[in-house]
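Each chain, letter by letter, is given below.
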Amino acid sequence: MFEQYPVIVVMAPLLAAALCAVVRNERWCWILALSVSFTSLVGALSMLGYIDGEAGFISYALGGWIPPYGIEYRVDTLAVYILILVSFLATGVLFYGRQSVRAEIPENLQGWYYCMYLLCLCGLMGIAITGDAFNAFVFMEISSLSMYVLIALGRDRKALAAAYQYLIMGTVGATMYVIGVGLLYTVTGTLNLVDMGERLNPIMDTRAALAGMAFIIVGLSLKLALFPMHLWLPNAYAFAPSVTTAFLSATATKVSIYLLLRYLYSVFGFDFVANHSPVPAVMLVLSLLAIFVGSFTAIFQENVKRMLAYSSVAQIGYITLGIALANGAGLVGGLVHVFNHALMKGALFMLVGGIAFQIGTVRIEDMAGIGRKMPLTMLGFVTGALCMLGVPGTVGFVGKWYLAVGAIQNGWWWLVALIMISSLLVLVYMGRVVEIAYFRERPRGAVELSEPPKAMIVTSWVFILACIYFGIDTSFTLDTAESAVEILLAPKP
Amino acid sequence: MTDLLNQLNESLGHVNHWITIFLILAGLYIVVAKSNMIKKLVGLSIFQTSVYLLYISPGKIVGGTVPIISEGYAVYSNPLPHVLILTAIVVGVATLALGLAIVVRIKEAYGTIEEDNIYAQDWD
Amino acid sequence: MKRNLILRVLAKILIPTLLLFALYVQMHGDFGPGGGFQAGVIAAAGIVLYSLIFGLQETQKAVPPLLVEIGVPLGVLIYAGVGVVTWILGGNFLEYGVLDSHDSAHGQHLGVMLVEMGVLVTVFSTMIAIFYTFVGRGR
């Protein structure tokens, strides 16, 4: 039974999504979705235990065809790290979100919402677990198509325009990825990622392989919202329902980052990418632009969800900065920041969703004075802001520390200064919300307020406390990131 | 002279790839330059069609026959690109259907499907 | 449009042919171009032609929306169900060879036929559902 875990983790959400489409009752769909997400989480955790204990990886042959002839599900430390992240977020957001879904989504569509949520979860788990290039495209499109639907169900009519823009840009990105895979398939003759890496060794500097690499990197950068291809992200996160934003902000871009890392280091090879290609230099420029442009634009936003979305663009810049540094410490920093940013942003968007549930709007000006009426929520927001700032003892600090160590190893002291300056920008845009919430009076005639429902408060605070816990006891995230980086940096066979 | 003729023959033999590149550029241009939402979806479809041609062209092995094992044939065409493209076609159809559904809802909500008008209405 | 004689005669000739051709393409998928997706689309095209000539209400009497709504997830459940059955019988997920304990090639044949049936059901229902949604919207 245990060997079937890789496929249970992916196929259980798919089966549950089909069942949700048959049973469209909101309560049963929520219960089914929550139990299936929890099953995936348990499966991912037991695979972690198996990998840490014995072998270095699990290889599962789908359909019984042995790799490289068939599709292989390959679970190593990096993959299981992402699997745990995605399923943990999915379970938490579902537990948090039932009241929010009932408030924001029309009644006859609530069952379908959970069906799309499960399809998205299936797609994201599939990308993380598969070892086949085209299978990754199929799961990528499964998750993307369900994401477009999840976003388009928002209350505001701008959600439709945002979903359309994301559809166009996301499909262009996925098609570029397929072009790249096609070029690599033509020169290597295989679709299995490990096998492709081996066969690319002698021909890495031919034109076809380089063109394939370029197409894949651009296609995946569109999906992970690297500057300047981030234009879909602010609108999509701002106008989607609160539950959608809480789930997507933490998982969608992270899984594309995982796929990019898998290609750059397991297929093309660390030596080639770091020393013989322009990838580190280009990524450095784009990451710095992402961090500064994202943070600056966040300062001038009126909508708190849009502000947090631009902040996500900046944080993705930190993660790709880890790739640009092209050494072990930088990569560890980037990978740790993947997990930590997911926790922080998930928690922050959950709190904002609670605020939206109570006051019905997400404009920052309308949040004047709620600090006294919703003390728990705003205290959580302040703690989340401190985590984003990178105060030592919170999760935000660990990633930035390792990025600074990586920068110093390369001799780039100016980069350390830039990282510190960008943290000050976080202070500006987060501090603005805190100031308006605490130090202004509630306007007269405003809606009477209380804390959001217990499920929302409890789950948001669990994530906030996880931010602090994983910042103090970094053993899980750091050890996993370090062993994942060891696997990535090892030379290809 | 024969060298030039050989080069010309070789590039004409790659006519499939020339068409692929033309379709990629045409599709991307339409997506970027047109502001009508349905025209953008058409451009996206053209862009995806170029991918099908890119995959299937190397699949036909010179001198190969239909990939079903039969006596007397040693060289078979590669069936794997066809399977991949079937999947990609289905994904393209699903994306197109979803895009059109969103455009129908946008028309009902905004009254127009020109992107410039939509952004002028809400994001000014 | 149903008062037009030419269209009615053509409909009587074409629509049954389209549905039969869809079944032919479905079964022929083992040996030539064909299979579940193509067959589903051809069958749906036949139903759409019927709706264009005779109107939406007649079509919804022939192919009720409830049937279509159940059909969409039913095909997915058939496909995944085959996977679960192979799993229970001891193989990996979707390892069709274990479906027939004596002859592995026969098991492959059976497995592919079952999943193509699932694909046919889902694709047919999805195309008809999309058509019903778009057409029913302007009323």
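Residues numbered from 1 in each chain as written. Chains lettered and ligands numbered in written order. Predicted model: local features only at pLDDT ≥ 70, side-chain atom pairs only at ≥ 80, totals over all residues.

1. Side note on the overall build of chain A
So, step 1. Counting its secondary structure elements, chain A contains 20 helices and two strands.
So, step 2. Its C-alpha radius of gyration of 22 Å places chain A within 12% of the 23 Å reference for a compact globule of 493 residues.
So, step 3. Seen through its principal axes, chain A has C-alpha atoms that stretch 75 × 55 × 40 Å.
So, step 4. Within chain A, the fraction of its 493 residues that count as buried is 62%. (Helix = DSSP H or I, 4+ residues; strand = E, 2+ residues; numbered from the N terminus. Rg over C-alpha atoms; globule rule 2.2 N^0.38 Å. Buried ≥ 20, exposed ≤ 12 C-beta atoms within 10 Å, placed from the backbone.)

2. Some details on the overall build of chain C
So, step 1. Of regular secondary structure, chain C possesses five helices and zero strands.
So, step 2. Helices (α) and strands (β) of chain C occur, in sequence order from the N terminus, as α-α-α-α-α.
So, step 3. In terms of overall dimensions, chain C is more spread out than a globule: its C-alpha atoms have a radius of gyration of 18 Å, far above the 14 Å expected for 139 residues.
So, step 4. Looking at the 139 residues of chain C, the share that counts as buried comes to 35%.
So, step 5. In chain C, 61% of the contacts between residues at least 6 apart in sequence involve partners at least 24 apart. (Contact = placed C-beta atoms within 7 Å.)

3. Observations concerning the confidence of the model for chain A
So, step 1. Model confidence for chain A is summarised by a mean pLDDT of 89, while 98% of its residues fall at 70 or above.
So, step 2. The spread of mean pLDDT over the elements of chain A runs between helix 15 (residues 370–373) of chain A, the lowest at 80, and helix 5 (residues 133–152) of chain A, the highest at 95. (pLDDT = per-residue confidence, 0-100.)

4. Remarks on helix 17 (residues 395–410) of chain A
Residue and element names in this part refer to chain A.
So, step 1. Here helix 17 spans 24 Å end to end across 16 residues, near enough to the 22 Å set by a 1.5 Å rise per residue.
So, step 2. Each element contacted by the buried residues of helix 17 is listed here: helix 13 (304–325), helix 14 (328–359), helix 16 (375–389), helix 18 (413–439) and helix 19 (454–472).
So, step 3. Gly-411 sits one or two positions beyond helix 17 and adopts a positive phi of about 85°. (Expected span 1.5 Å × (residues − 1).)

5. Focus on the interface of chain A and chain B
So, step 1. Facing the 21 residues of chain A at the interface are 26 residues of chain B.
So, step 2. At the level of secondary structure, the elements contributing two or more residues to the side of chain A that touches chain B comprise helix 5 and helix 6 (158–188) of chain A.
So, step 3. Element by element, the count of residues in the side of chain A that touches chain B is highest for helix 6 of chain A, at 14 residues.
So, step 4. Partitioned by chemical class, the residues of the side of chain A that touches chain B number 14 nonpolar, four polar and three charged. (Nonpolar A, V, L, I, M, F, W, Y, C, P; charged D, E, K, R; others polar.)

6. Re helix 3 (residues 77–104) of chain A
Residue and element names in this part refer to chain A.
So, step 1. With 28 residues, helix 3 ought to run about 40 Å at 1.5 Å a step, and its terminal C-alpha atoms sit 38 Å apart, in line with that.
So, step 2. At Gly-97, helix 3 is bent by approximately 60°, the largest bend along its length.
So, step 3. Here helix 3 lies mainly inside the structure; 24 of its 28 residues are buried. (Bend = angle between axes of the 7 residues up to and from the residue.)

7. Concerning the pairing of strand 2 (residues 72–75) of chain A
Residues and elements named next belong to chain A.
So, step 1. Side chains Glu-72 and Arg-74 project from strand 2 onto one buried face, and the interleaved Tyr-73 and Val-75 project onto a second face that is buried too.
So, step 2. As paired strands, strand 1 (residues 58–61) and strand 2 are joined by four bridges and run antiparallel to one another. Its bridge partner being in strand 2, Ala-61 is matched across the sheet by Glu-72. (Pairing = 2+ DSSP bridges.)

8. Structural notes on the environment of Ser37(A)
Residues and elements named next belong to chain A.
So, step 1. By secondary structure assignment, the location of Ser-37 is in helix 2 (residues 26–53).
So, step 2. For the pair Ser-37 and Cys-122, spaced 85 residues apart in sequence, the C-alpha to C-alpha distance is 9.6 Å.
So, step 3. Once residues within four sequence positions are removed from consideration, Ser-37 is found in contact with Ser-87, Ala-90, Thr-91, Leu-94 and Leu-121.

9. Some points on the nonpolar core
So, step 1. By size, the foremost hydrophobic cluster in this structure holds 250 residues, and its most contacted members are Cys20(A), Ala33(A), Leu83(A), Leu118(A), Ala128(A), Ile151(A) and Ala163(A).
So, step 2. Per-element tally for this core: the top contributor is helix 6 of chain A, with 20 residues. (Core = buried A, V, L, I, M, F, W, Y, C linked by C-beta atoms within 7 Å.)

10. Notes on the packing of helix 4 (residues 110–129) of chain A against helix 5 of chain A
Residue and element names in this part refer to chain A.
So, step 1. Contact geometry for helix 4 and helix 5: axes closest at 8 Å, N-to-C directions at 150°. The pairing of helix 4 with helix 5 is recorded here as roughly antiparallel in orientation. In terms of crossing hand, the pair formed by helix 4 and helix 5 is left-handed. From helix 4, Met-116, Tyr-117, Leu-119, Cys-120, Cys-122, Gly-123, Leu-124, Gly-126 and Ile-127 reach across to helix 5, where they touch Ala-136, Phe-139, Met-140, Ile-142, Ser-143, Ser-146, Met-147, Val-149 and Leu-150.
So, step 2. Partitioning the contact of helix 4 with helix 5 into residue classes produces 14 nonpolar, four polar and no charged. (Axes fitted to C-alpha atoms, helices over the stretch in contact; angles between N-to-C directions. Parallel < 35°, antiparallel > 145°, perpendicular 65-115°, else oblique. Left-handed = near helix turned anticlockwise from the far one by under 90°.)

11. Quick look at the interface of chain C and chain A
The accessible area lost on association of the parts is a frequent measure of interface size.
So, step 1. On the chain A side, the residues contacting the 14 residues of chain C number twelve residues.
So, step 2. When grouped by side-chain class, the residues that make up the side of chain C that touches chain A number nine nonpolar, four polar and one charged.

12. Thoughts on the packing of helix 13 of chain A against helix 17 of chain A
Residues and elements named next belong to chain A.
So, step 1. At a closest axis distance of 10 Å, the pairing of helix 13 and helix 17 adopts a crossing angle of 25°. In terms of axis orientation, helix 13 runs roughly parallel to helix 17. You can see that helix 13 and helix 17 cross each other, and the crossing is left-handed. The residues of helix 17 that touch helix 13, namely those facing Tyr-318, Leu-321, Gly-322 and Leu-325, are Gly-399, Leu-403, Gly-406, Ala-407 and Asn-410.
So, step 2. Among the residues forming the contact of helix 13 with helix 17, the class breakdown is five nonpolar, four polar and no charged.

13. Points about the confidence of the model for chain C
So, step 1. On average, chain C scores 89 in pLDDT, and the residues at 70 or more come to 97%.
So, step 2. ipTM for the predicted complex: 0.93, alongside a pTM of 0.94.

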